[in-house]
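# Per-entry structural report
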Amino acid sequence: MTIRTMSRGELDRVIQWAADEGWNPGLGDAAAFHLADPTGFHIVEADDGQPAAAISVIRYGERFGFLGLYIARPGYRARGHGMTIWRSGMEYLAGRTVGLDGVVAQQENYRKSGFALAHRNIRHQGVVPPVEAPDGLTSLTDMPFDTLLDYDLPLFGAPRAAFLSAWIGMPGVIALAAGASAESFQGYAVARPCRVGWKIGPLFADDPATADALFRGIATRLPANETVILDVPEPNRAALALAARFGLTPAFETARMYAGPPPDIDLARVFGITTFELG
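As a starting point, this report considers the structure included with it. (Residues numbered from 1 in each chain as written. Predicted model: local features only at pLDDT ≥ 70, side-chain atom pairs only at ≥ 80, totals over all residues. Heavy atoms only, no water.)

Counting secondary structure elements, the chain contains eight helices and 13 strands. Its C-alpha radius of gyration of 18 Å places the chain within 12% of the 19 Å reference for a compact globule of 279 residues. The buried share of the chain, taken over its 279 residues, is 55%. Put simply, 74% of the contacts in the chain that link residues at least 6 apart link residues at least 24 apart. A total accessible area of about 11700 Å² is found for the chain, and carbon and sulfur atoms account for 52% of it. In the chain, 24 positive and 30 negative side-chain charges are present, and the distance between their average locations comes to 6 Å. (Helix = DSSP H or I, 4+ residues; strand = E, 2+ residues; numbered from the N terminus. Rg over C-alpha atoms; globule rule 2.2 N^0.38 Å. Buried < 20%, exposed > 50% of the residue type's maximum accessible area, 1.4 Å probe, protein only. Contact = heavy atoms within 4.5 Å. Areas by Shrake-Rupley, 256 points an atom, 1.4 Å probe, with all protein chains shown as cover. Lys, Arg positive; Asp, Glu negative; His and termini not counted. Charge placed at Lys NZ, Arg CZ, Asp CG, Glu CD.)

Next comes the structure, spelled out in structure tokens:
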């Protein structure tokens, strides 16, 4: 078996693997993902020369990493490729706290690898009924980028400038800020088109009222009758209430797990995480 860093084109292929698994990635995810850490996407080739399994292991700053896109292709499973690429990814992130969002079926395996549960993330989805457009929102791209970075850091737990710059600039994305200036900045939300519907992530806000306004701001800008998806950290009860209030219902869950000291994140201000793949 050969392990190597994916090319940008190969990442498109792996994103399609994710779509085939029903993960419903965003239409422009690959470009933004790759910019987060171009050397953080690994692939293993089987003896026949075909790509067999993949993993993303993104380095953020000096102390944090996030593991995702952990996939073995059908036909190459139960042959050791998944464990091989796992070991490669964990070696790449050695010396860092590593986070992941684990599906229920794999959580015990992650515990055996040294990961501990921090909290559950619960995907909510549904068609949002007509809502009233809020006041006080602006385009996120009109905010100074440094203001966005400063706001994002304590809510994600690590710097991610390259990723955010690409994330809010993807084609078709809706990105809104609460507040008219850097001094009044109180939160932001990003929605991106996916294979099915739209995912809102992140949705970060100082308080439930601001989160409500950002959600409504996104909803009023989406095409009618589209499925809306929001991945909510379970400890944030106000976020769960927000999802229910707008007609979103639980679809499935993951476990946010960390190997190493977890980042100090104020989950009361996290109403929707960014992605299951990159944190």
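Those residues of helix α8 (residues 237-245) that fall on the buried side of the exposure criterion are A239, L240, L242 and A243. Mapping the buried residues of α8 onto a view down its axis gives an arc of 155 degrees, with all of them on the same face. Exposed residues lying more than 90 degrees from the buried face of α8 are R237 and A244. Contacts from the buried residues of α8 go to β6 (116-127), α7 (208-219), β11 (227-233) and β13 (270-272). One side-chain oxygen at the N-terminal end of α8 lies 3.2 Å from the backbone nitrogen of A238; it belongs to N236. Phi turns positive one or two residues past the end of α8, at G247, with a value near 85 degrees. (Arc of directions from axis to C-beta. Polar contact = N/O pair within 3.5 Å; in protein donor to acceptor, adjacent residues only side chain to side chain.)

Attention now moves to the packing of aromatic side chains. Applying the stated criterion to the full structure yields 14 aromatic pairs. Where W86 meets Y110, the ring centres are 5.5 Å apart and the plane angle is 20 degrees; that geometry is what we call stacked. One end of the pair, W86, is in helix α3 (residues 81-92); the other, Y110, is in helix α4 (residues 107-112), and 24 residues separate them in sequence. For the pair shown, W86 and Y110 are each scored as buried. Relative to F204, the ring of Y188 has its centre 5.7 Å away and its plane inclined at 80 degrees; by these criteria the two rings are edge-to-face. With a gap of 16 residues between them, Y188 in strand β9 (residues 187-193) and F204 in strand β10 (residues 198-205) connect regions that are remote in the sequence. F204 gets classed as buried once you look at its relative accessible area, which sits at 2%. Counting every residue linked through ring pairs, the aromatic cluster contains Y60, F64, F156 and Y258. (Phe/Tyr/Trp six-rings, centres within 6.5 Å; stacked < 30°, edge-to-face > 60°.)

Of all ten residues making up strand β3 (residues 51-60), nine are buried, and the element is well covered by its neighbours. Relative to β3, strand β2 (residues 41-45) is paired through five bridges, and the arrangement is antiparallel. Looking at β3, one finds that H42 is bridged to I55. In this antiparallel pair of consecutive strands, β2 and β3, the connection spans five residues, and G49 shows a positive phi of 85 degrees. Judged from the seven bridges that link them, β3 and strand β4 (residues 64-72) form a sheet pairing that is antiparallel. Along β4, the bridge assignment pairs A53 with A72. Taking the residues that link successive antiparallel strands as the turn, the β3-β4 hairpin has three residues, and the phi of G61 there is positive, at about 60 degrees. (Pairing = 2+ DSSP bridges.)

Purely geometric stuff here, so don't read any function into it on its own.
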